[in-house]
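# Structural characterization, general
Letter by letter, the chains look like this.
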Amino acid sequence: METKRVLSSSGSIDSISPLPDELLSHILSFLPTKRAASTSILSKRWRTLFPLMNHLCASLYLDDTDLLYPERQTEEEYYVIHNSFRNFVDKTLSGCNNNSLKKFSLTYEDDDVQRMCLTTGMMSKALEQGVSDLELYIYMPLMYEPPRLLPDTVFINNTLVKLTLGTELCLGRSPWENVDLPLLKSLFLHTVKSCYM
Amino acid sequence: MMDGCPQLEELYIHHIYIEDRDEEFNIHTAPHYIAHNIKKLTVCYNNDVQAPRILSIYTPNLVYLDYSDYLTCLYNSENHFNDLLEARLDLAFARAGRWGDEHDTCLKIMNSITNVQILHLSCFTVEVCLSQSKFLSFFFLSLSCLMMLFFVALMC
């Protein structure tokens, strides 16, 4: 087979571009999702690789501290930024093929009671894609009556193999009762509480 | 308990001390009763307690145990861990001072792991052991399968 050698503008050999799209998109699946998505603006060739990753073998690592702009502090901007984060997660999940999603990792600070149902929606959507490795690091502040943030499908689910729940998260239920996780092999609980004190 | 996860092999419970919120999380520290066929168990409580915390472990197939706690807990384990290969213990006196029955608790935990082959002891666990002479004979007589012993220095 003839090997094509591509020279970059600086004259050095570009060993990445000749790789097949499938391989490149697989490499993208190891990156934090923000980094993987940002490769879409590199060139026309790379524009399709992130969507292809989601279609073939998605692993999503989403962290609001990484995606948001903490220096923007006004209430309106805060609302806009959180909305854009949720839209991004939603859009990315919609691009996943059924059963292509292997890992879904979400690090998120949820302190807006009104919009917690939207966070629940993000998790439900990931679970609907048949995810096997679910990692939820969701910080909840002290609340008088915290709403039930996690959808029931976290605890009743026949695709999950690894489940991680943390930190300073109120489950709103017992992690041991009414549980049906027939494939679960690893369970990690980092400073969680079952319900309101 | 835990009947809903028949394939579970690995359970990791980590409880850290959170300033201002410790009381809130302390009350619902879960679970205190672990009964399952799991092979790997890590229990790490980093928060000091005002009242004894009860921990009951009934896991006959355990191969790996990593247990980190203050010796203010009431520890129960019905059977020895016969298949245990490796154990890591970090057991310390309570920060506020001694309660009086720490050595009994420590000995109870040690007695349940006598089949262990690889043992890691933290400097705090060694401190507890060295302050009672009965532990010396325990090390020579009871740990008959021991192949490797590590001492681990931890930051306070």
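Owing to the predicted nature of the structure, the values given are computational and were not obtained by experimental measurement. (Residues numbered from 1 in each chain as written. Chains lettered and ligands numbered in written order. Predicted model: local features only at pLDDT ≥ 70, side-chain atom pairs only at ≥ 80, totals over all residues.)

## Brief notes about unusual backbone geometry
All names here are of chain A. Selection rule: For the purposes of this entry, the term helix denotes a DSSP run of H or I that reaches at least four residues, the term strand denotes a run of E that reaches at least two, and both are numbered from the N terminus. Buried, partly exposed and exposed are defined by the number of other C-beta atoms within 10 Å of a residue's own C-beta, namely 20 or more, between the two limits, and 12 or fewer respectively, with C-beta atoms placed from the backbone.
Here N178, not a glycine, exhibits a phi torsion of approximately 55°, which is positive. Mapping N178 onto the fold places it in the loop between β7 (169-170) and β8 (186-190). Here N178 falls in the exposed class, since 10 other C-beta atoms lie within 10 Å of it. The phi torsion at T191 lies on the positive side, around 45°, for a residue other than glycine. Secondary-structure assignment places T191 in the loop between β8 and β9 (192-193). Accessibility expressed as a C-beta count within 10 Å gives 20 for T191, which makes it buried.

## Observations regarding the packing of helix α6 (residues 75-94) of chain A against helix α7 (residues 116-128) of chain A
Residues and elements named next belong to chain A. Formally: Fitted lines through C-alpha atoms give the axes, limited to the stretch in contact for helices. The angle between two N-to-C directions lies from 0 to 180 degrees. In what follows, roughly perpendicular refers to angles from 65 to 115 degrees, roughly parallel to angles under 35, roughly antiparallel to angles over 145, and oblique to any angle outside these ranges. It is the rotation of the near helix from the far one that decides the hand of a crossing: anticlockwise by less than a right angle makes it left-handed, clockwise makes it right-handed. Whether two residues are in contact depends on their C-beta atoms, placed from the backbone: they are in contact if these lie within 7 Å.
Remark: α6 packs on α7, axes separated minimally by 10 Å, with the N-to-C direction vectors making an angle of 20°. Here α6 is positioned roughly parallel relative to α7, judged by the angle of their axes. In this structure, α6 crosses over α7, and the sense of that crossing is left-handed. Across the interface between the two elements, R86, V89, D90 and L93 from α6 touch L118, M122, K125 and A126 from α7.

## Considerations on the sheet that holds strand β2 (residues 33-35) of chain B
Residues and elements named next belong to chain B. Here is the rule: Pairing between strands is defined by DSSP: at least two bridges between the two strands are required.
Strand order in the open sheet made by the three strands is β2-β4-β6, with parallel pairing throughout. Taken across any chain shown, the strands that pair with only one partner, and hence form the sheet edges, are β2 and β6 (73-76). Adjacent strand axes in the sheet meet at a mean angle of 10° when their direction is disregarded. Where strand β4 (residues 53-58) meets β6, four bridges bridge the pair, whose relative direction is parallel. The partner of S56 across the bridge, within β6, is N76.

## Overview of the packing of helix α1 (residues 21-28) of chain A against helix α4 (residues 49-56) of chain A
Residues and elements named next belong to chain A. Heads up, the rule is: Residue polarity follows a fixed list, in which Ala, Val, Leu, Ile, Met, Phe, Trp, Tyr, Cys and Pro are nonpolar, Asp, Glu, Lys and Arg are charged, and the others, Gly among them, are polar.
Orientation of α1 relative to α4, taken along the N-to-C sense of each, is 80°, at an axis distance of 8 Å. As judged from the angle between their axes, α1 and α4 are roughly perpendicular. Here α1 contributes D21, E22, L24, S25 and L28 to the contact with α4, which in turn contributes L49, F50, L52, M53 and L56. Across the contact of α1 with α4, the residue classes break down as seven nonpolar, one polar and two charged.

## Brief notes about the sheet that holds strand β6 (residues 162-166) of chain A
Taken together, the eleven strands give an open sheet; going across it, the order is β3(A)-β4(A)-β5(A)-β6(A)-β8(A)-β1(B)-β3(B)-β5(B)-β7(B)-β8(B)-β9(B), and neighbouring strands pair in parallel fashion. With partners counted over all chains shown, the strands left at the sheet margins are β3 (58-63) of chain A together with β9 (148-152) of chain B, one partner each. Taking each pair of neighbouring strands and ignoring which way they run, the sheet shows an average axis angle of 5°. Sheet analysis places strand β3 (residues 40-45) of chain B next to strand β5 (residues 64-70) of chain B, joined by five bridges and oriented parallel. If you follow B:T42 over to β5(B), its bridge partner there is B:D66.

## Quick word on the domain arrangement of chain A
Residue and element names in this part refer to chain A. Using the following cut-off: Segmentation into domains, and thus their bounds, comes from an automatic or database assignment.
Looking at chain A, the domain boundaries give domain 1 (14-56) and domain 2 (58-193). When each unit is reduced to the centre of its C-alpha atoms, the spacing between domain 1 and domain 2 is 25 Å. Counting residues at the interface gives nine residues for domain 1 and 13 residues for domain 2. Counting only elements with at least two residues in the side of domain 1 that touches domain 2, the list comes to α2 (33-38) and α4. Broken down by element, the side of domain 1 that touches domain 2 gets its largest block of residues, five residues, from α4. Its residues placed into classes, the side of domain 1 that touches domain 2 shows four nonpolar, four polar and one charged.

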